[in-house]
Amino acid sequence: GGGGGGAPPNSTTERVLVVELVADRFLRKMCRTLVATAVREAATGARGDVLLRLARAGERAATAPPAPPEGLIFAGVGYGNHPVWDVGGRD
């Protein structure tokens, strides 16, 4: 007999981070940079709006280098009625 709960024998458990990005356009390496910066800032306990604050500052040097492409998966693209996100000027 087995025990109570947990992963089945001989299985692996991987931690997965899901990042959903919504925008009207993306630049080269932008998603990888956003993911790397979000992970870096989360590890330091930064505030939840840190990516918006960095975007407003416009300082590319303040972001992390792009995350390596291994393990990143593009899940899809959508067109149509998406909300308009305002990242300018509000605090």
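The structure displayed is predicted, hence computed values, not measured ones.

Peer 1: Looking at this structure, I do not really get the overall build of the protein chain. What am I missing?
Peer 2: In terms of helices and strands, the protein chain carries two helices and zero strands. The buried share among the 91 residues of the protein chain stands at 11%. Restricting the contact set of the protein chain to residue pairs at least 6 apart, pairs at least 24 apart contribute 63%. As presented, the protein chain carries roughly 8,100 Å² of accessible surface, and 57% of it is formed by carbon and sulfur atoms.

Peer 1: Is there a simple way to explain the packing of helix H1 (residues 30–43) against helix H2 (residues 50–57) in this structure?
Peer 2: To describe two helices that pack against each other, one gives the angle between their axes and the distance between the axes. Axis separation between H1 and H2 bottoms out at 10 Å; the angle between their running directions is 125°. On the basis of their axis angle, the class for H1 and H2 is oblique. Here H1 runs over H2; the crossing is right-handed. Of the residues in H2, those touching H1 at Leu34, Thr37, Ala38, Arg40 and Glu41 are Val50, Leu51 and Leu54. Its residues assigned to classes, the contact of H1 with H2 shows five nonpolar, one polar and two charged.

Peer 1: Explain the layout of surface pockets to me, please; I cannot follow it from the model alone.
Peer 2: Unoccupied space between atoms shows up once a probe the size of one water molecule is rolled over them. Computed from the structure, the second largest pocket encloses a volume of approximately 1,100 Å³. Looking at the second largest pocket, it is lined by 28 residues, and the ones nearest its centre are Val19, Leu21, Ile73, Phe74 and Ala75. For the lining of the second largest pocket, the per-class residue count stands at 19 nonpolar, four polar and five charged.

Definitions and limits used
- Residues numbered from 1 in each chain as written.
- Predicted model: local features only at pLDDT ≥ 70, side-chain atom pairs only at ≥ 80, totals over all residues.
- Heavy atoms only, no water.
- Helix = DSSP H or I, 4+ residues; strand = E, 2+ residues; numbered from the N terminus.
- Buried < 20%, exposed > 50% of the residue type's maximum accessible area, 1.4 Å probe, protein only.
- Contact = heavy atoms within 4.5 Å.
- Areas by Shrake-Rupley, 256 points an atom, 1.4 Å probe, with all protein chains shown as cover.
- Axes fitted to C-alpha atoms, helices over the stretch in contact; angles between N-to-C directions.
- Parallel < 35°, antiparallel > 145°, perpendicular 65-115°, else oblique.
- Left-handed = near helix turned anticlockwise from the far one by under 90°.
- Nonpolar A, V, L, I, M, F, W, Y, C, P; charged D, E, K, R; others polar.
- 1 Å grid on protein atoms, 1.4 Å probe; cavity = no way out; pocket = protein on both sides within 12 Å on 5 of 7 lines; lining within 4 Å.
- Points joined across faces, edges and corners; volume = space filled by probe spheres on them.

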